[in-house]
Amino acid sequence: MDPPQIFSSGPELANFVVSSGVLNQSLATVQDLHGEKINQNEHPVRHKVSPQSNCTIIAFSTQPARAKDYIQERGDLVSSSTLEESFPLFNFLCTKNNPDFAINKTALVLFASISDRLPSLKSEIDNFKPLIITGNFLGGSVASLFTLWLLETINFSITKRPLCITFGSPLIGDNGLQNAILNYPTWSSCFLHVVSHQDPVPRVLISPHNPPATESASQTNVYKPFGTFLLCSESGCGCFEDSQTILELLMATYSEGPGNQNPNQVLELYRKIVEYLNHKVICGDTTRLLQWTTPPLRAGIIIQLVAINGLKRPQQQPQNNGLNNIITKTEEQEMKLFKSKGQGFDPSKKLNEIKINMAFFEWYKKFFKQKGIGYYDSYKNGSSTSDIDVIRFKKILTGYWEEMVDEAEKKPQKECASFRTRWLFAGTNYRRMIEPLDIAEHYNESTQDYILSRSKHYEKLEQWLKETEKPSSGPNDLKKQNVASSLTEDSLFWAHVEEARISVARISRKGESDMEKESLNCKLIEFENYVLDLMKNYAVSPEIFLTGSSFMKWWEEYRKIKGTSYSSRLTNLMNNAENYDKYAIGCLVIH
């Protein structure tokens with residue numbers, strides 16, 4: 001079977017962006033802002049809110065309005081670690097896997113200068129209309145930072161995501177900032193950067209600061225693009241998303257243009273291009289000039305490169321190795337991007353399959369409950385041929401949730417904290433069902449406290465649940481009614497049971513000092529209170545009372561060392577076996 005053909009979506013995306021009208025509206029608002037009279041002592045950053053029939057546009061401009069040398073001389077990057085206390089608005093972009101990033105100092109200073117305006121600008125947003133944020137040159141840089149700030153502060157369950165459109169803006173951050181945005185794909189799609197082939201400013205921070213593609217991607221203090229770039233000329237335009245492709249094409253497609261001329265002349269250049277593209281079917285004739293044997297992906301790339309600045313077509317100029325090299329490099333990068341998207345983490349894609357695997361454990365739990373031992377102890381004892389299937393399904397589930405947690409950690413903090421309800425609910429069920437089996441494996445091989453080597457993904461799933469849970473005032477009727485089929489809420493319960501059994505065993509054997517025994521007795525009293533609190537809230541499964549369970553074994557061992565004269569709230573409850581049945585039907589009242 002022939003492999004599926006891969007197409008470039010750039011021409012279609014470019015056509016859609018141009019024909020949608022948002023470029024015209026955004027650029028018109030920027031031009032209106034630039035046309036307003038400037039006072040000598042005016043703030044270096046101006047803005048304009050322009051309500052439209054189909055959207056709301058917020059435009060930014062700066063002074064000096066445009067100067068290639070100005071931005072080139074101020075290309076310093078400021079690390080997020082230095083901003084942690086002085087300007088913490090972007091701390092949310094730092095994650096464990098992406099702990100540091102850097103932003104252009106000039107852009108950051110300009111954005112910081114309007115920090116007092118942010119609440120009023122946010123209040124201008126109409127929840128029912130799309131929001132366009134725009135600007136040119138450093139005004140576009142401010143627009144990008146304002147958009148990032150909004151992405152962290154707005155509740156998108158009631159508000160549409162904004163679209164940031166910049167015209168001729170310089171790059172604003174390093175690979176750390178790029179990674180923070182790319183790790184959350186819906187954020188990356190909020191940025192569209194329009195660049196003319198004659199505008200030097202978007203290119204001014206690329207060379208010599210950026211290394212070629214062959215150098216290590218881990219190098220710091222280099223500027224990296226993010227979002228979608230619409231590269232355009234009077235001949236047409238093309239859209240690109242891959243970072244390395246964008247860097248190379250920005251330089252390869254540059255033609256000398258207005259340079260440091262009046263900002264209105266540069267804006268006029270963009271206006272003419274946008275107007276021309278609106279009246280032109282992008283590269284409508286180039287596809288007919290390509291050989292029919294040209295692969296679709298390569299054909300789409302050629303169409304865009306020809307459109308961006310009128311480069312001659314390869315078949316018309318066979319000796320043009322430079323152009324052919326650009327096409328080949330772009331094709332390779334686009335292929336990598338396509339594959340990375342195809343292999344990208346898609347939690348919803350496998351979630352239903354994962355739920356099917358969880359159904360097996362529901363059966364496994366129910367089966368051994370009927371046997372009077374409980375699934376934890378069955379697995380620990382290796383008493384069933386079904387345990388072979390348990391190992392297989394447990395491996396599948398653990399692999400999925402480890403990947404899920406790892407990917408979620410890469411995202412900006414606010415997105416991680418909220419961790420969409422559907423997946424957090426499924427992840428909580430997984431943790432409560434499967435972690436006890438890991439605990440069983442651990443204590444079959446070691447006497448060391450399980451908690452010391454607990455897997456990170458369990459810790460994260462538990463942490464995210466606590467961040468979203470509301471304080472409980474006690475068990476409700478529904479919780480009592482369903483306790484018989486519920487899972488123990490604390491997935492570490494069996495680890496605490498095993499540690500309590502170890503403490504009892506140590507007290508029983510000779511050689512322990514009185515001080516050590518006293519310490520162990522204190523731990524056991526803590527365990528009593530822990531179990532009692534779980535029972536009061538109906539947060540522990542009644543399976544713990546099954547005759548063959550490790551908990552009941554602990555109770556028998558504990559009662560033996562304490563003697564019949566010992567009395568406590570838990571032991572008084574445990575001494576009456578009728579309480580086990582009352583608890584299982586939700587009728588046990590614990591004061």
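These figures come from a predicted structure and were not determined experimentally.

Novice: Even after reading the chapter, I still don't get the pattern of salt bridges, so can you show me in this structure?
Specialist: Two side chains of opposite charge can pair, provided their charged atoms sit close to one another. The final tally for this structure, using the stated rule, is 13 salt bridges. Linking glutamate 462 and arginine 454 is a salt bridge whose minimum nitrogen-to-oxygen distance equals 2.7 Å. For glutamate 462, a relative accessible area of 15% gives the class buried. We note a salt bridge from arginine 501 to glutamate 557, for which the minimum N-O separation is 2.8 Å.

Novice: I would appreciate a short explanation of the side chain of serine 568 in the present structure.
Specialist: For serine 568, the location among the structural elements is in the loop between helix H24 (550-562) and helix H25 (569-574). Given the relative accessible area of 15%, serine 568 is considered buried. Looking at serine 568, its side chain comes within polar contact range of the side chain of glutamate 528, at 2.5 Å.

Novice: Whenever I open this one, the nonpolar core confuses me. Can you help?
Specialist: Soluble, globular proteins show a tendency: their nonpolar side chains are buried together. Counting 69 residues, the largest nonpolar core has Phe493, Met535, Phe551 and Trp554 as the members making the most contacts within it. Broken down by element, this core gets its largest block of residues, ten residues, from helix H19 (residues 421-445). In this structure tryptophan 554 touches Ala500, Arg501, Val504, Leu524, Phe527 and Leu570, once residues within four positions along its chain are discounted. With 59 residues, the next largest nonpolar core counts Phe87, Leu108, Leu131 and Ile206 among its residues.

Novice: I keep staring at the environment of methionine 404 and nothing clicks. Help me out?
Specialist: Along the polypeptide, methionine 404 turns up in helix H17 (residues 387-410). Judged by its relative accessible area of 4%, methionine 404 is buried. Methionine 404 sits 57 residues away from leucine 461 along the chain, and the two C-alpha atoms are 9.9 Å apart.

Novice: What's the story with the pairing of strand S8 (residues 228-233) in this structure? I'm lost.
Specialist: Strand residues, when the strand is regular, have side chains that alternate between the two faces of the sheet. Of all six residues in S8, six are buried, a share of seventy percent or more. Pairing analysis gives five bridges linking S8 to strand S9 (residues 236-240), with the strands arranged antiparallel. Following the sheet pairing, leucine 230 is matched in S9 by cysteine 239. Connecting S8 to the antiparallel partner S9 that follows it, the hairpin turn spans two residues.

Novice: Looking at this structure, I do not really get the packing of aromatic side chains. What am I missing?
Specialist: Each pair of aromatic rings is reported with the distance of its centres and the angle of its planes. Tallied over the full model, the rule gives 34 aromatic pairs. Taking 6.3 Å as the distance between ring centres and 85° as the angle between the ring planes, the aromatic pair formed by phenylalanine 87 and phenylalanine 111 counts as edge-to-face. Highlighted residues: phenylalanine 87 in the loop between helix H4 (80-83) and strand S4 (102-104) and phenylalanine 111 in helix H5 (residues 105-112), separated in sequence by 24 residues. By relative accessible area, which is 0% here, phenylalanine 111 ends up buried. Ring geometry for phenylalanine 191 and phenylalanine 226: centres 5.0 Å apart, planes at 90°, overall edge-to-face. With a gap of 35 residues between them, phenylalanine 191 in strand S7 (residues 191-196) and phenylalanine 226 in the loop between S7 and S8 connect regions that are remote in the sequence. Per residue, the accessibility class of phenylalanine 191 equals that of phenylalanine 226, and both read buried. The aromatic ring of phenylalanine 393 is capped on one face by arginine 392, whose charged end is 4.5 Å from the ring centroid. Here the basic side chain of lysine 562 rests over the ring of tyrosine 566, its NZ or CZ set 4.6 Å away from the ring centre.

Novice: I'm lost on the confidence of the model for the protein in this one. Help?
Specialist: Any segment with low pLDDT has predicted coordinates that should not be analysed in fine detail. When pLDDT is averaged across the protein, the result is 79; 75% of the residues are at 70 or more. Mean pLDDT across the elements of the protein ranges from a minimum in helix H12 (residues 286-289), with 41, to a maximum in helix H22 (residues 493-508), with 95. Below pLDDT 50 for its whole length, residues 281-293 participates in 17 contacts with residues either more than four positions away or in separate chains. Confidence drops under a pLDDT of 50 for residues 312-319, and excluding neighbours within four residues, the segment shows 13 contacts in the predicted structure.

Novice: Looking at this model, I keep getting lost on unusual backbone geometry. Mind explaining?
Specialist: Backbone geometry follows two general trends: most residues other than glycine have a negative phi, and most peptide bonds adopt the trans configuration. Residues other than glycine seldom take positive phi values, yet phenylalanine 137 does so here, at roughly 50°. Tracing the sequence through the fold places phenylalanine 137 in the loop between strand S5 (131-136) and helix H7 (138-153). Since its relative accessible area comes to 0%, phenylalanine 137 is described here as buried. In this structure, tyrosine 538 takes a positive phi of about 50° despite not being glycine.

Conventions we followed
- Residues numbered from 1 in each chain as written.
- Predicted model: local features only at pLDDT ≥ 70, side-chain atom pairs only at ≥ 80, totals over all residues.
- Heavy atoms only, no water.
- Salt bridge = Lys/Arg side-chain N within 4 Å of Asp/Glu carboxyl O.
- Buried < 20%, exposed > 50% of the residue type's maximum accessible area, 1.4 Å probe, protein only.
- Helix = DSSP H or I, 4+ residues; strand = E, 2+ residues; numbered from the N terminus.
- Polar contact = N/O pair within 3.5 Å; in protein donor to acceptor, adjacent residues only side chain to side chain.
- Core = buried A, V, L, I, M, F, W, Y, C linked by side-chain atoms within 4.5 Å.
- Contact = heavy atoms within 4.5 Å.
- Pairing = 2+ DSSP bridges.
- Phe/Tyr/Trp six-rings, centres within 6.5 Å; stacked < 30°, edge-to-face > 60°.
- Lys NZ or Arg CZ within 6 Å of the ring centre and 35° of its normal.
- pLDDT = per-residue confidence, 0-100.

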